[in-house]
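# Coordinate inspection notes
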Amino acid sequence: MALIDGHGTPMAASTASASIHEVKLIESTVDKVRVPKVGRGHPKTKLKRLVYDAAADSDPLRKRLKARGIDLISPHRINRVKPPLQDGRKFRRYRRRWKIERTISWIQDFRRLVVRYDREISMFNAYIQLASIMITLRRL
């Protein structure tokens, strides 16, 4: 799972086995964010909002992120039984999700990450970091 800013620059990534649902990985990925400040001070670790697809439509996740001060913007699932927890005004930000999908496709340009030749998770994480650095340097 990759966390990407609004301009398409990778900020954090986390890996897990294939059987874990995405909702369980979101918080661990958010915890990895470290954005350096200009000048002195500790790096910025708090996000304001998180745009995600319908896989993150989970009321407990929304409440946990809201307690951390993060606003989750994701469409509700079609088969949702409970009433919606967010209004439609937030979906204006969801229109720019194509930037996130574009960066994910840039990460998938690295064949070694798509096929996953590595057995060691540490090597796979290293190649994800290398791909993120290369994408960031291309954007500069």
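Look a little higher up for the structure.
In what follows, the accompanying structure is described. (Residues numbered from 1 in each chain as written. Predicted model: local features only at pLDDT ≥ 70, side-chain atom pairs only at ≥ 80, totals over all residues. Heavy atoms only, no water.)

### Digging into the overall build of the protein chain
If you tally the helices and strands in the protein chain, you get six helices and four strands. When the helices and strands of the protein chain are read in sequence order from the N terminus, they spell out β-β-α-β-α-β-α-α-α-α. Relative to the globule expectation of 14 Å for 140 residues, the C-alpha radius of gyration of the protein chain, 16 Å, shows essentially globular dimensions. Taken over 140 residues, the protein chain has a buried fraction of 32%. Sequence separation of at least 24 residues holds for 42% of the intrachain contacts in the protein chain that already meet a minimum separation of 6. Of the accessible surface of the protein chain, which amounts to about 9700 Å², a share of 56% is contributed by carbon and sulfur atoms. Looking at charge distribution, the protein chain has the averaged site of its 32 positive side-chain charges lying 6 Å from that of its 13 negative ones. (Helix = DSSP H or I, 4+ residues; strand = E, 2+ residues; numbered from the N terminus. Rg over C-alpha atoms; globule rule 2.2 N^0.38 Å. Buried < 20%, exposed > 50% of the residue type's maximum accessible area, 1.4 Å probe, protein only. Contact = heavy atoms within 4.5 Å. Areas by Shrake-Rupley, 256 points an atom, 1.4 Å probe, with all protein chains shown as cover. Lys, Arg positive; Asp, Glu negative; His and termini not counted. Charge placed at Lys NZ, Arg CZ, Asp CG, Glu CD.)

### Re the nonpolar core
Note that soluble globular proteins tend to have their nonpolar side chains buried in a common cluster. Membership of the largest hydrophobic core comes to 14 residues, with the highest contact counts inside it found for I26, L50, L61 and L72. When residues in this core are grouped by element, the largest group, three residues, is from helix α1 (residues 22-31). If we skip the residues at most four places from it in the chain, L72 touches L50, Y52, A56, L61, R62, L65 and Q86. (Core = buried A, V, L, I, M, F, W, Y, C linked by side-chain atoms within 4.5 Å.)

### Some details on the pairing of strand β2 (residues 10-13)
Where strand β1 (residues 2-4) meets β2, three bridges bridge the pair, whose relative direction is antiparallel. Residue L3 lies in a different strand from β2, and its bridge partner there is A12. Counted between consecutive antiparallel strands, the loop separating β1 from β2 contains five residues, among which G8 sits at a positive phi close to 100°. (Pairing = 2+ DSSP bridges.)

### Some details on the environment of T15
Its place among the elements puts T15 in the loop between β2 and α1. Linking T15 and P75, residues 60 residues apart in sequence, is a C-alpha distance of 24 Å. Ignoring anything within four residues of it in the chain, the contact list for T15 reads I121, F124, N125 and I128.

### Here we look at a nonpolar patch on the surface
Judged by side-chain polarity, V114, V115 and Y117 come together as a nonpolar surface patch covering roughly 290 Å² of accessible area. Within the secondary structure, Y117 sits in the loop between α5 (111-115) and α6 (121-139). (Patch = residues over 30% accessible without salt bridge, like charges linked within 9 Å, V, L, I, M, F, W, Y side chains within 5 Å. Salt bridge = Lys/Arg side-chain N within 4 Å of Asp/Glu carboxyl O.)

### Looking at the side chain of D57
Structurally, D57 can be placed in the loop between β3 (49-51) and α2 (59-67). Relative accessible area serves as the criterion here: at 10%, D57 is assigned to the buried category. With residues near it in sequence (within four places) discarded, D57 still touches R62, S74, P75, H76, R77 and R80.

### Looking at a positive patch on the surface
Residues K44, K48, R49, R92, R93, R95 and R96 make up a contiguous surface patch of positive charge. Considering the arrangement of structural elements, one finds R95 in the loop between α3 (91-94) and α4 (98-107).

### Focus: the pattern of salt bridges
Counting across every chain of the model gives 10 salt bridges. With its nearest N and O atoms 3.5 Å apart, the salt bridge here joins R62 to D57. Note on accessibility: R62 and D57 belong to one class, buried. Among the salt bridges present, the one from D118 reaches R112, with a minimum N-O distance of 2.8 Å. Looking at D118, the relative accessible area reads 11%, which means it is buried. Among the charged side chains, a salt-bridge network with shared partners connects D57, D59, R62, R80 and K82.

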